[in-house]
Amino acid sequence: MAEGLLRQMAGDRLEVSSAGVAPTHVRREAIKVMAELGIDISGHHSKSVEEFEGQEFDYVITVCDNANEQCPVFPGNTKRIHWSFEDPAAVQGDELKRLAIFQRVRDEIRGQLLDLIRQTSAQNRER
């Protein structure tokens, strides 16, 4: 969800990639709640962080504690940011409960990304 949100929010100003430490598939609940915002992630696929090892990034953002603990070190001046969100894929319950959690986490991620974009934009203006 973070990749889809950031791509939509940043447009062509940023190159966005995402990966997981234990990739599986893009959950249908994630596809559904992102579609509510007009963002289509149905064509996205889950990638392993190992695909990106050795590459340089300006930022690496982890969105769950497990990813933060297992994320490799990237070369260069990569700024690591960790946001601890509940893993919506781990939530048990009926579809309405799962969708509610996916919506909440989507909105929390969106808020953090908006803050990051504002901060980096302000820093870039100061330079």
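Refer to the preceding data block for the structure.
Residues numbered from 1 in each chain as written. Predicted model: local features only at pLDDT ≥ 70, side-chain atom pairs only at ≥ 80, totals over all residues. Heavy atoms only, no water.

1. Quick look at the overall build of the protein chain
For clarity, the cut-off: A run of H or I in DSSP counts as a helix once it spans at least four residues, and a run of E counts as a strand once it spans at least two, with each numbered from the N terminus. For every residue, the accessible area (1.4 Å probe, protein chains only) is compared with the maximum for its type, and the residue is labelled buried under 20%, exposed over 50%, or partly exposed between those bounds. Should any heavy atoms of two residues lie within 4.5 Å, those residues are counted as being in contact. Working definition of accessibility: Shrake-Rupley area with a 1.4 Å probe, residue cover restricted to the visible protein chains. Counting rule for charge: Lys and Arg are taken as positive, Asp and Glu as negative, and neither His nor the chain ends is counted. By convention, the point assigned to a charge is CZ for Arg, NZ for Lys, CD for Glu and CG for Asp.
Helices and strands together make up the secondary structure of the protein chain, namely four helices and two strands. Shown N-terminal to C-terminal, the secondary structure of the protein chain runs as helices and strands in the order α-α-β-α-β-α. Dimensions of the protein chain, computed from C-alpha atoms along their principal axes, come out at roughly 50 × 30 × 25 Å. A burial count over the protein chain gives 31% of its 127 residues as buried. When contacts within the protein chain are restricted to residue pairs at least 6 apart in sequence, those whose partners lie at least 24 apart make up 52%. Accessible area for the protein chain stands at about 8100 Å²; split by element, carbon and sulfur atoms hold 46% of it. Taking the average place of the 16 positive charges on the side chains of the protein chain and the average place of its 21 negative ones, the gap between the two points comes to 5 Å.

2. Overview of the pattern of salt bridges
Counted only if it meets this: Each reported salt bridge corresponds to a side-chain nitrogen of Lys or Arg within 4 Å of a carboxyl oxygen of Asp or Glu.
All told, the structure shown has 11 salt bridges when counted by the stated rule. The shortest N-O distance in the salt bridge between Glu95 and Arg28 comes to 3.5 Å. Here Glu95 is found in helix H4 (residues 95-126), whereas its partner Arg28 is found in helix H2 (residues 28-35), with 67 residues between them in sequence. Classification of Glu95 as partly exposed rests on a relative accessible area of 34%. Ionic contacts of the salt-bridge type, sharing partners, join the residues Glu3, Arg7 and Lys47 into one network.

3. Quick look at the nonpolar core
Where we set the bar: As used in this record, nonpolar core signifies buried Ala, Val, Leu, Ile, Met, Phe, Trp, Tyr and Cys residues forming a set joined through side-chain atoms within 4.5 Å.
Ranked by size, the top nonpolar core spans 22 residues in total, and within it Leu5, Leu6, Trp83, Ile109 and Leu113 carry the most contacts. Of all the secondary structure elements, the ones that give two or more residues to this core are helix H1 (2-10), H2 and H4. Here this core gets eight residues from one element, more than from any other, and that element is H4. When neighbours within four sequence positions are excluded, Leu113 is seen to be in contact with Ala2, Leu5, Leu6, Met9 and Trp83. In terms of nonpolar packing, the next biggest core, distinct from the first, is built from five residues, Phe52, Val60, Cys71 and Phe74 among them.

4. Details of the pairing of strand S2 (residues 79-82)
Inclusion rule: In short, DSSP must find at least two bridges between two strands for them to pair. For a crossover, the right-handed case is the one in which the path from the first strand over the helix to the second runs clockwise, viewed with the strands pointing away from the viewer.
Where strand S1 (residues 59-62) lies against S2, four bridges are found, and the strand directions are parallel. Pairing of Val60 across the sheet is with Arg80, part of S2. Note that the unit made of S1, helix H3 (residues 65-70) and S2 has a crossover that is right-handed.

5. Description of the environment of Glu53
As for its position among the elements, Glu53 is in the loop between H2 and S1. Once the C-alpha coordinates of Glu53 and Val73 are considered, the two residues, 20 residues apart in sequence, prove to be 8.1 Å apart. For Glu53, the contacting residues outside a window of four places in its chain are Pro72 and Phe74.

6. Some thoughts on the packing of aromatic side chains
Condition: Two rings from Phe, Tyr or Trp (for Trp, the six-membered ring) form a pair when their centres are within 6.5 Å of each other. A pair whose planes differ by under 30 degrees is stacked, one over 60 is edge-to-face, and the rest are tilted.
The full count for this structure, using the stated rule, is three aromatic pairs. Ring geometry for Phe52 and Phe57: centres 6.0 Å apart, planes at 65°, overall edge-to-face. Judged by its relative accessible area of 12%, Phe52 falls in the buried class. In this structure Phe57 comes out as partly exposed when scored by relative accessible area, which is 22%. Centroid distance Trp83 to Phe85: 6.3 Å. Interplanar angle 70°. Geometry classified as edge-to-face. Of the two residues, Trp83 and Phe85, neither departs from the other in class, the shared state being buried.

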